[in-house]
Amino acid sequence: MAGPSVVVIGAGVVGAALADELSARGWTDVTVVDQGDVPATGGSSSHAPGLVFQTNGSKAMAEMARYTVEKFVGLGAFLQVGGLEVATTPERLRELHRRYGWATSWGLEAELLSPEECVVRHPLLDAERVLGGLFLASDGLALAVPAVAAQLARAQERGVRVLARHEVLDVVAVDGRVTGVVTDKGEISADVVVCCAGIWGPRVARMVGMELPLTPLAHQLAWTGRLPELAGDVVASLPILRHQDADLYYRDRNGTLGVGYYGHRPMPVSADDILSVDAAEVMPSLTAFTPDDFADAWTETQSLLPATRTAKVEEGVNGLFSFTTDNMPLMGESRDVRGFWVAEAVWVTHSAGVGRAMAEWLVDGRSSIDLHECDVNRFERHQLAPEYVLARGCQNYVEVYDIIHPLQPMEDPRPLRTSPFHVRQRELGAYFLEASGWERPHWYGVNEGLPAPSYVPNDWAARYWSPIVGAEAKATREGVALYDMTALKRLEVSGPGATAFLQRLTTGDVDKSIGSVTYCLLLDGDGGIRSDVTVARLGADHFQVGANGELDLDWFERHRPGDVFVRDITAGTCCLGVWGPRARELVQPLTGVDLTALRYFRGARGYVGHVPVTMLRLSYVGELGWEIYTTADMGLKLWDTFMREGAIAAGRGAFASLRLEKGYRSFGVDMTFEHDPYEAGLGFAVKLGKGDFIGRDAVVERKESVRRKLTCLVLDDVVMGKEPVYHDGRAVGYVTSAAYGYTIGRGIAYAWLPAELSVPGTAVRIGYFDRLVEAVVAAEPLFDPAMERLRG
Ligand SMILES: Cc1cc2nc3c(=O)[nH]c(=O)nc-3n(C[C@H](O)[C@H](O)[C@H](O)COP(=O)(O)OP(=O)(O)OC[C@H]3O[C@@H](n4cnc5c(N)ncnc54)[C@H](O)[C@@H]3O)c2cc1C
């Protein structure tokens, strides 16, 4: 069984990993083509210094890095010299504690070092400059070209063909499906084509009409002459070193020091302007070193590493590699051309992990790790605009080592997407953060005078925060408030096959009366949660689906039969959540819909004043009220209609707090592809009795073997998310969402814990920066467990 015929474009570290992983799974009808010589093709992998720091804010990225290390060690293509990140500012020292937390949360062994210990690890450091460090003994140097050679050799032994000096000139697709590639040496037919073309990715993807949001940028790497302080005949004698306060990193090589620098001006290059293998002086992915851009890096290096004061920069490159709009890789199949896949914007650090995940996805239909942050189809349309791609790619280059708060929005380009309420929100002094391009009020300045619960946040919790957040939460619990829910994705699903389609795709029984609303899940074939959605039946063959993002639309499109239509109606519509115990008092006088008769999880169409609306009796904040939808043109009128009655508006800050008090999960944060409904506390949304649906067989099995649980913790402080949770001094899980609960007067954190610890009363500790915060497992939800408020 050789599997389908596959062409992998690119024999860099990603293409080589993929060929190896595919062939290991029995797919051996694989041809790897590269325009350059193999294994040193002239791509980014050919000159990468190969530093592998595994610590990452993303669990998936850390897991892919860990696998890369393990695999390369096994291949003899890794020097496990350790990785040291140092702090020269108090802010960075705190950040290293946060990073220590991430490493621990994702199962990587890490150590925090004193300045003296840093110098013991890396004797070139000036002890006076260093405040502390983070050390991972398992980090080190990937030998990229040997790793390419070793993985390709293994693949070739299994039957994979490797064609050097074959440039792909075109990718052929017939009726929306790839059939092969055209190279300068002839055609190769294929059922699957995977673009692992690195910085050339946008050019190759365009061959099938796909816009790849990737920007190649030049990055400076320089080498000193020999330093007497370094062992001259050893490939690498010191740990790899990062000095993020100055955008610098270091490795040694045969007695010289490599200095990488991200602090220079962004130098983007169009994929179309990259030279061909033959035209390039050294190799296509290298451009000439620009010493002026390196001046600050060298001054700072001589300060941090005094031994370099007598040395010179002997050589340097401006090497090209890929940046994306959100700093994550691009993986997956084109939405429009079946069989055309990409694995792009991948560092050497994650390459083998990406190769494995891609191979699993291709062979088994899904990866064993959660890839929702990496899926190439995650982007909204505006995020594919060339100007946006360029601006964000450059900004991410600049920020690559910056300390980023979880709520920190992009600064430019803004504003991009605004709801119809935006103009009024500005008048009310809204403080906006950004999500998927949408401007979202976090609180409103006008509410400053409202009574606020007393709460003093810690340093990090106080950022992107105002006491008004608490006031708006209180106002919602005690009165009524308007929440702009426009940014939530809305899909219209219609057509004769719509009901059967949704029955098959979701875990809920949506074949109920018109007006019903169902909260349910989308599952993978293995029972992993792909999303959570609300399905409102607005007609016999007409549904409105409240979804999480582009990947839901993509999932629907991929499964949609010919008699079902799926339309993204987000931009053309808007939504106000009108919630609070006095919601009926506010809304009933404005509408002919009998709101008392409209029960919880039911919907109706009608009018609010002059505005035609769809009202769904749902609430993410756990209060009486409705999501009220109308078309974008009527949005402002809807807002004004409520405001004229004296309503107040509330922002996302209050929303996040109220949501957690009520225990409502957020997809992508609390649960992802790797979790099943029963672990996530969402078993109630799975209707096993309704007949078959995607993932049903798998969840029937998984239901019986729940070993971990999404667990509610309460604490006297507030954490941010992603922190490790300890029990008996051992790391046992990690935090997902966290907020202060203004109604309950305590901090709330949801965390993944082993099932045996997920018992109310269990005491745990959360590693928050340099502190351990005491927390206790609590029964959930923390607020209104009897659901009296919602059903009232
Ligand atoms: C200066 C510098 C320092 C770096 N340091 C590090 C580091 O320390 N750690 C780290 O993890 N990463 C580092 N990186 C990033 C890393 O090198 C890249 O992200 C990684 O090598 C990309 O691998 P790839 O296989 O995707 O791309 P590449 O290695 O570029 O491979 C793509 C291949 O596709 C081929 N190709 C393209 N178009 C075609 C076509 N039409 N037909 C046929 N073949 C085609 C190319 O010839 C090339 O061989 C660094 C990069 C640079 C430039």
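None of the values given here were measured: they were computed from a predicted structure. (Residues numbered from 1 in each chain as written. Predicted model: local features only at pLDDT ≥ 70, side-chain atom pairs only at ≥ 80, totals over all residues. Heavy atoms only, no water.)

**A closer look at the packing of helix α2 (residues 59–75) against helix α8 (residues 351–364)**
- Interhelical geometry of α2 versus α8 gives an angle of 105° and a closest axis separation of 6 Å. When the interaxial angle is binned, α2 and α8 end up roughly perpendicular. Taken together, the residues of α8 that come into contact with α2 (itself represented by Met64, Tyr67, Thr68, Lys71 and Phe72) are Ser351, Ala352, Gly353, Val354, Arg356 and Ala357.
- Residue composition of the contact of α2 with α8, by class: six nonpolar, three polar and two charged. (Axes fitted to C-alpha atoms, helices over the stretch in contact; angles between N-to-C directions. Helix = DSSP H or I, 4+ residues; strand = E, 2+ residues; numbered from the N terminus. Parallel < 35°, antiparallel > 145°, perpendicular 65-115°, else oblique. Contact = heavy atoms within 4.5 Å. Nonpolar A, V, L, I, M, F, W, Y, C, P; charged D, E, K, R; others polar.)

**Section: the domain arrangement of the protein**
- Partitioning the protein into structural domains gives domain 1 (6–192 + 213–324) and domain 2 (707–791).
- Distance between the C-alpha centres of domain 1 and domain 2: 37 Å.
- Contact with domain 1, which involves 12 residues of that partner, is made by eight residues of domain 2.
- Across the domain 1/domain 2 interface, buried area totals approximately 890 Å², and carbon plus sulfur atoms make up 65% of it.
- Interface area lost by domain 1 to domain 2 is led by Arg94, His97 and Ser105, which between them contribute 42%.
- The tally of links between domain 1 and domain 2 comes to zero salt bridges.
- Counting across the interface, domain 1 meets domain 2 through three residue pairs in polar contact (both at pLDDT 80 or more).
- For the side of domain 1 that touches domain 2, the leading source of residues is helix α3 (residues 90–105), giving eight residues.
- Among the residues making up the side of domain 1 that touches domain 2, the classes are represented as three nonpolar, six polar and three charged. (Domains from an automatic or database assignment. Buried area = accessible area lost by both parts, 1.4 Å probe. Salt bridge = Lys/Arg side-chain N within 4 Å of Asp/Glu carboxyl O. Polar contact = N/O pair within 3.5 Å; in protein donor to acceptor, adjacent residues only side chain to side chain.)

**Re the nonpolar core**
- Counting residues in each nonpolar core, the largest one holds 49 residues, and the members touching the most others are Leu18, Val32, Phe72, Val194 and Met358.
- In this structure, Leu18 is in contact with Val8, Val194, Cys196, Gly355, Met358, Ala359 and Leu362, ignoring residues within four places of it in sequence.
- The next biggest cluster of nonpolar side chains, apart from the first, holds 44 residues, and it includes Ala461, Met485, Phe655 and Val719. (Core = buried A, V, L, I, M, F, W, Y, C linked by side-chain atoms within 4.5 Å. Buried < 20%, exposed > 50% of the residue type's maximum accessible area, 1.4 Å probe, protein only.)

**As for the pairing of strand β39 (residues 763–768)**
- Relative to β39, strand β36 (residues 724–727) runs antiparallel, the two being bridged by two bridges. In the strand pairing of β39, Tyr726 is matched with Arg765.
- Here six bridges tie β39 to strand β40 (residues 771–777), and the two strands are oriented antiparallel to one another. Opposite Ala763, over in β40, you have Val776 as the bridge partner. (Pairing = 2+ DSSP bridges.)

**Thoughts on unusual backbone geometry**
- In this chain, Arg414 is followed by Pro415 through a cis amide linkage whose omega measures -10°.
- Tracing the chain through its elements places Pro415 in the loop between α9 (386–398) and α10 (422–427).
- Pro781 follows Glu780 through a cis peptide bond whose omega is -5°.
- Phi at Phe601 takes a positive value of approximately 60°, unusual for a residue other than glycine.
- Positionally, Phe601 belongs in the loop between α14 (583–587) and β31 (603–608).
- Here Asp784, not a glycine, exhibits a phi torsion of approximately 50°, which is positive.
- If you trace the backbone, Asp784 turns up in the loop between β40 and α18 (788–791).
- Relative accessible area serves as the criterion here: at 12%, Asp784 is assigned to the buried category.

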